[in-house]
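So you can see what is in the structure, the chains are spelled out below.
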Amino acid sequence: MTRPPFPANFREFQAWFPDDAACLRYLARSRWPDGFVCPHCGNAGGWEITARVKSRAKDATEQTPRRIRTLWECSACAKQTSATSGTILDHTRLPLMVWFHAAFLMATDKRGISAILLDSQLDLGNHKTAWFLLHKLRRAMVNAGRTRITGVVEMDGTYVGGYQPGLKGGRQRKGRKAAMVLVAVEVRTRTWTDKEGRTHTREYGGRVRAEVVRAETAEWIADFLTRNVEPGSLVRSDALPGYASATSERGYRHERRVQGRIRDTGQVVIMAHRVISNLKAWLVGTHHGVGRPHLQAYLDEFVFRFNRRQSPEAAFQTLLGLGSRHAPVRRGTLIGATDLPYYYEGDEIHDGEPEEQETD
């Protein structure tokens, strides 16, 4: 697969994408990097055409002038396809330039961007429009074919959210219980030699996985490991008994570290703790807290950007490529977060759009 180039900075981004036509051409290259492939019959081959189609405006009539669309026609079945149909951008009414700006800001800034700030930057007229746009992009941030992390893996659980001082009555009770999140981090090693010829070794964090789970127990830890960590890897954790039983049952090696023996073992799962600290700082600093049902989508965004922190501009092209191959996500799915894992000990119903007082 030939990957399209990507802009190295915002100045290049502006030069590459001055209008919707330039955005459409780049989106088509991201969706079909080796040439057009018909989504209907799978035939590799076709041609680009221009067609006049009915306006999709709500107040459109038969007298409304038809709009011009660029389509791709299959050389085998003759069916026509647009670059956005069947993707995360399916049936969008927003200009492609808005999508591209949002994707670039979201992928390249390590702080991410909130819906209110995006609305202000792009003048969308409604922060809910920005909220839906960002959540559609978040759905495209998980590559279904991604490989599992491997080698030495540090793992820990943390609670996100919970009791908030200053909130009273129903606002304190509804949706304010903490959610359990499991985090796993690849531990990589960098070795170098200084001017005196001495060899130094330093560990640093590699790829990350983070998921919402019901509890930090052996059952949920084992399920998380099976899907995210390559068997045979060395899993470092604290002394919680669930890690020992989960790793032994699934073919992982396990290194148990005790918090009270730091002098003997080194700091306990320091890479996992750093990632958790960055995650919580980002959730509070950029979004001022997020709705519990939508937490997994924000975890996916954090992981996507963290794993590509060395090449954020390339992450922009990756996001467009994944989005162009992701199935459409409808409004009802986004509002209720029905496609995301949601665990709550109680009968709370989680629906409705985000509260007005929340940034996201």
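Heads up: these notes are all about the structure in this document. Keep in mind the model is a prediction, meaning the values are calculated, not measured. (Residues numbered from 1 in each chain as written. Predicted model: local features only at pLDDT ≥ 70, side-chain atom pairs only at ≥ 80, totals over all residues. Heavy atoms only, no water.)

Before going further, it helps to examine the packing of helix H5 (residues 127-139) against helix H11 (residues 295-307). Describing two packed helices takes the angle between their axes plus the distance from one axis to the other. Two numbers describe how H5 lies on H11: the axes approach to 9 Å, and their chain directions differ by 65°. With respect to the hand of their crossing, H5 and H11 are arranged in left-handed fashion. Contacts between H5 and H11 pair Trp 131, His 135, Arg 138 and Arg 139 from the former with Ala 297, Tyr 298, Asp 300 and Glu 301 from the latter. A class-by-class count of the residues in the contact of H5 with H11 yields three nonpolar, one polar and four charged. (Axes fitted to C-alpha atoms, helices over the stretch in contact; angles between N-to-C directions. Helix = DSSP H or I, 4+ residues; strand = E, 2+ residues; numbered from the N terminus. Left-handed = near helix turned anticlockwise from the far one by under 90°. Contact = heavy atoms within 4.5 Å. Nonpolar A, V, L, I, M, F, W, Y, C, P; charged D, E, K, R; others polar.)

Taking 1.5 Å of rise per residue, the 13 residues of H11 would be expected to cover 18 Å, and the 18 Å separating its terminal C-alpha atoms lies within 8% of that figure. Of all 13 residues in H11, twelve are buried; the element is thus mostly enclosed. (Expected span 1.5 Å × (residues − 1). Buried < 20%, exposed > 50% of the residue type's maximum accessible area, 1.4 Å probe, protein only.)

Time to look at the nonpolar core. One finds Phe 100, Leu 137, Val 181, Val 183, Leu 295 and Phe 316 to be the most contacted residues of the largest nonpolar core, which totals 69 residues. The leading source of residues in this core is helix H3 (residues 96-108), at nine residues. Filtering out sequence-adjacent residues up to four positions away, Leu 137 remains in contact with Trp 99, Ala 102, Ala 103, Met 106 and Leu 319. Formed by 17 residues, the second largest nonpolar core is a distinct cluster that contains Met 180, Leu 182, Ala 222 and Val 229. (Core = buried A, V, L, I, M, F, W, Y, C linked by side-chain atoms within 4.5 Å.)

Take the state of the cysteines next. Where two cysteines share a covalent bond between their sulfur atoms, that bond is called a disulfide. Going through the model one piece at a time under the given rule, you end up with zero disulfides. Here Cys 38 is not cross-linked by a disulfide; its sulfur's nearest cysteine counterpart is in Cys 77, at 3.7 Å. The exposure class of Cys 38 is buried, given its relative accessible area of 2%. Among the cysteines around Cys 41, which has no disulfide bond, Cys 74 carries the closest sulfur, lying 3.6 Å off. (Disulfide = S-S within 2.5 Å.)

Time to look at the pattern of salt bridges. The tally for this structure, following the rule as stated, stands at 16 salt bridges. We note a salt bridge from Asp 109 to Arg 111, for which the minimum N-O separation is 2.8 Å. Taking the relative accessible area as the measure of exposure, Asp 109 reaches 23% and is therefore partly exposed. Among the residues examined, Arg 111 registers a relative accessible area of 55% and is labelled exposed. Its salt-bridge partner being Arg 236, residue Glu 255 comes within 3.5 Å of it at the nearest N-O pair. With a gap of 19 residues between them, Glu 255 in strand S8 (residues 253-256) and Arg 236 in strand S7 (residues 234-237) connect regions that are remote in the sequence. (Salt bridge = Lys/Arg side-chain N within 4 Å of Asp/Glu carboxyl O.)

Right, let's talk about the environment of Thr 70 for a bit. Relative to the helices and strands, Thr 70 resides in strand S2 (residues 67-74). Put simply, Thr 70 and Ala 83 are 13 residues apart on the chain and 8.3 Å apart in space, counted from C-alpha to C-alpha. Excluding its chain neighbours within four sequence positions, the residues that come into contact with Thr 70 are Leu 24, Glu 48, Ile 49 and Ser 82.

So, on to the sheet that holds S2. With respect to topology, three strands assemble into an open sheet ordered S1-S2-S3, the strand pairing being antiparallel. The two strands at the open ends of the sheet, each matched to only one other strand, are strand S1 (46-53) and strand S3 (80-81). Sheet topology note: the S1/S2 ladder contains eight bridges and is antiparallel. When the bridges of S2 are listed, Arg 52 appears paired with Ile 68. (Pairing = 2+ DSSP bridges.)

When strand S5 (residues 179-193) meets strand S6 (residues 199-213), the two strands line up antiparallel, connected through 13 bridges. Bridging across to S6, Trp 192 finds its partner in His 200. Linkage of S5 to S6, two consecutive antiparallel strands, is achieved through a turn of five residues, within which Gly 197 is found at a positive phi near 85°.

Moving on, we come to the sheet that holds strand S4 (residues 152-160). Within the open sheet, the five strands sit side by side as S6-S5-S4-S7-S8. Their pairing is mixed. Of all the strands in the sheet, just S6 and S8 have a single pairing partner and so form its edges. Averaged over all adjacent pairs, the angle separating strand axes in this sheet is 30°, with direction ignored. Of the pairings in the sheet, the one linking S4 to S5 comprises nine bridges and is antiparallel in character. Across the sheet, residue Tyr 159 finds its bridge partner in S5, namely Met 180. The strands touched by helix H10 (residues 270-287) are S4, S5 and S6; relative to S4, the strand with the most contacts, the crossing angle is about 35°.

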